[in-house]
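# Fold and geometry: a report
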Amino acid sequence: MPPIPPPPAPLKGGLLARVGDIPIKVIYLFGAIIATVLAVLLVFVIFSGDVPKDTQQPPRQVVPVSPVPGGSASPKPSAAGILLPEVPKSLAYPDQAGTATVTIGTISDLATGISYPRLGLPWTAKSFAPFAIAQRVGKVAIPHTVIGSAMLPGATPKPKPAKNADYRDLAVRAVNWTLRTQYPAGATIAWTGSQKVPVGKGWMVGYKVTYTVSGKQKTSQAIISIHDVGKTKPAMLFASIPQSGKSHYRDLNTIAQNIRTL
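Residues numbered from 1 in each chain as written. Predicted model: local features only at pLDDT ≥ 70, side-chain atom pairs only at ≥ 80, totals over all residues. Heavy atoms only, no water.

### Description of the packing of aromatic side chains
Evaluated as defined, the whole model comprises five aromatic pairs. Aromatic pair F131 and W177: ring centres 6.2 Å apart, planes at 90 degrees, arrangement edge-to-face. Remark: W177 occurs in helix α3 (residues 164-181) and F131 occurs in strand β4 (residues 131-136); sequence separation between them is 46 residues. Each member of the pair F131 and W177 is classed as buried. With 6.2 Å between their ring centres and 65 degrees between their planes, W191 and Y207 make a pair best called edge-to-face. (Phe/Tyr/Trp six-rings, centres within 6.5 Å; stacked < 30°, edge-to-face > 60°. Helix = DSSP H or I, 4+ residues; strand = E, 2+ residues; numbered from the N terminus. Buried < 20%, exposed > 50% of the residue type's maximum accessible area, 1.4 Å probe, protein only.)

If you want it as C-alpha cells, here you go:
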C-alpha cells in the first residue's frame, strides 16, 4: 500500500490570515450595513430633543366668520320694540310725484325668489348687505337711497302665513326692522299705503319716515313688500328714497306695481 500523505500544515496567523480568503464584495456589504446602523443611531441622538411637546393637544377648530358691511355708513340700530301706529287694513298706495326712471330690464333675485324692474341711471345694481341684491343712487350714507331684496329678517314665521292679515303683520314687522337698521335712531312713521301685492300672496305697505339729521328734521318715502315664495319664510323688498332724492319718488310706484315671484 502506498503511504498516506500527511495533512497540510495549518496557516500561520490564525483568523486574520483567513480574512484574505473572504471575497471583497462581502467585505463591502458588511461595511455598508455597519455604516447605515451608525448613521441611524447618530440621527436619533442628535434630534431626540426636538420632539414637539404639544402633540397630545387636539387640532384647533376653524370657526367661519360671516362678513359684515364695513365703513362709517353702517347704520346704528335704534332701540328695539318701536311702537308703530296701527296699520290700515286697506289703503291704496298713491302715485308719487316726479318722473319715473326708465326701466332697462328685470332683476331676478334667485336667493329670494322674486323679480322686479331694473332701473336705468342713476340707479346702479350691486351687492349691498344686508340685501341679496340692491339698486342704489349716490354715496353710501344714512338714510340710504336703496331698492333691495332679501328674505324676511328675523325668525321664520310659525306657522306659515296663510291669510292677508298674516302677511300684513309681517310687513309691519319688516317696517320695524327698517327703523332699527336703515334710519337714524328715533325715526317715526306715518302710513301711506296698505294693500295686497299685485300678483300672488303677500302684502305691501307704504310709509313716510321722519327723522333728525344734524339737528334738522328730514323725511323719506318708503315701501315694504312681502311675498309668498313657496317657503315658510317669505321674501321681502324694501325701497326707500330720502327727500334729497324726491325726483325719484315715482320709482316707488314702478317697483310696487311690478314685483313678481319667480
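### Observations concerning the pairing of strand β1 (residues 103-109)
Note: β1 against strand β2 (residues 114-119), six bridges, orientation antiparallel. When the sheet's bridge partners are listed, T106 is paired in β2 with P117. As consecutive antiparallel partners, β1 and β2 are separated by four residues, and within that stretch G113 has a phi angle of approximately 95 degrees, a positive value. (Pairing = 2+ DSSP bridges.)

### Thoughts on the nonpolar core
Within the largest apolar cluster, 30 residues are counted, with the highest numbers of intra-cluster contacts made by Y207 and I224. Going through the elements one at a time, β4, β5 (146-151), α3, β6 (188-196), β7 (202-213), β8 (216-227) and β9 (235-242) are the ones with two or more residues in this core. In terms of residue count, α3 provides more of this core than any other element does, eight residues in total. In this structure, W123, I223, A239 and I255 belong to the second largest nonpolar core, which totals 20 residues. (Core = buried A, V, L, I, M, F, W, Y, C linked by side-chain atoms within 4.5 Å.)

### What to know about the pattern of salt bridges
Throughout the structure, instances matching the rule amount to one salt bridge. Residue D228 pairs with K160 through a salt bridge whose shortest N-O separation is 3.3 Å. Placement of D228 in the loop between β8 and β9 and of K160 in the loop between β5 and α3 is noted, with a sequence separation of 68 residues between them. By relative accessible area, D228 is classed as buried at 18%. (Salt bridge = Lys/Arg side-chain N within 4 Å of Asp/Glu carboxyl O.)

### A look at the pairing of β2
For β2, the tally of buried residues reaches five of six residues, placing the bulk of the element in the interior. With two bridges connecting them, β2 and strand β10 (residues 260-261) associate as antiparallel partners. When the sheet's bridge partners are listed, S115 is paired in β10 with R260.

### Focus on the sheet that holds β9
Across the sheet, seven strands lie side by side as β3-β4-β5-β9-β8-β7-β6; this open sheet has antiparallel pairing. Every other strand in the sheet has two partners, leaving β3 (124-128) and β6 as the edge strands with one partner each. In this sheet, neighbouring strand axes are inclined to one another by 20 degrees on average, regardless of whether the strands run parallel or antiparallel. One ladder, built from eight bridges, connects β6 with β7; its direction is antiparallel. Directly across from W191, in β7, lies its bridge partner Y207. In the packing of α3 onto the sheet, the strands contacted are β4, β6, β7, β8 and β9, and the crossing angle to β7 comes to about 20 degrees. (Axes fitted to C-alpha atoms, helices over the stretch in contact; angles between N-to-C directions. Contact = heavy atoms within 4.5 Å.)

### As for the sheet that holds β1
Strand order across the open sheet formed by three strands is β1-β2-β10, with antiparallel pairing between neighbours. This sheet does not close on itself; its edge strands, each paired only once, are β1 and β10. Along the sheet face, helix α4 (residues 250-257) touches β1, β2 and β10 and points at about 150 degrees away from the line of β2.

### Thoughts on α3
With 18 residues, α3 extends 26 Å from end C-alpha to end C-alpha; this agrees with the ideal 26 Å at 1.5 Å per step. When we look at burial in α3, the residues that qualify are Y167, R168, L170, A171, V172, A174, V175, N176, W177, T178, L179 and T181. The secondary structure elements touched by the buried residues of α3 are β4, β6, β7, β8 and β9. (Expected span 1.5 Å × (residues − 1).)

### Points about the environment of M151
When you line up the elements, M151 lands in strand β5. Note: C-alpha distance between M151 and L237 (86 residues apart in sequence) is 8.3 Å. Not counting the four nearest positions on each side in its chain, M151 is found in contact with A111, T112, V229, K231, K233, P234, A235 and M236.

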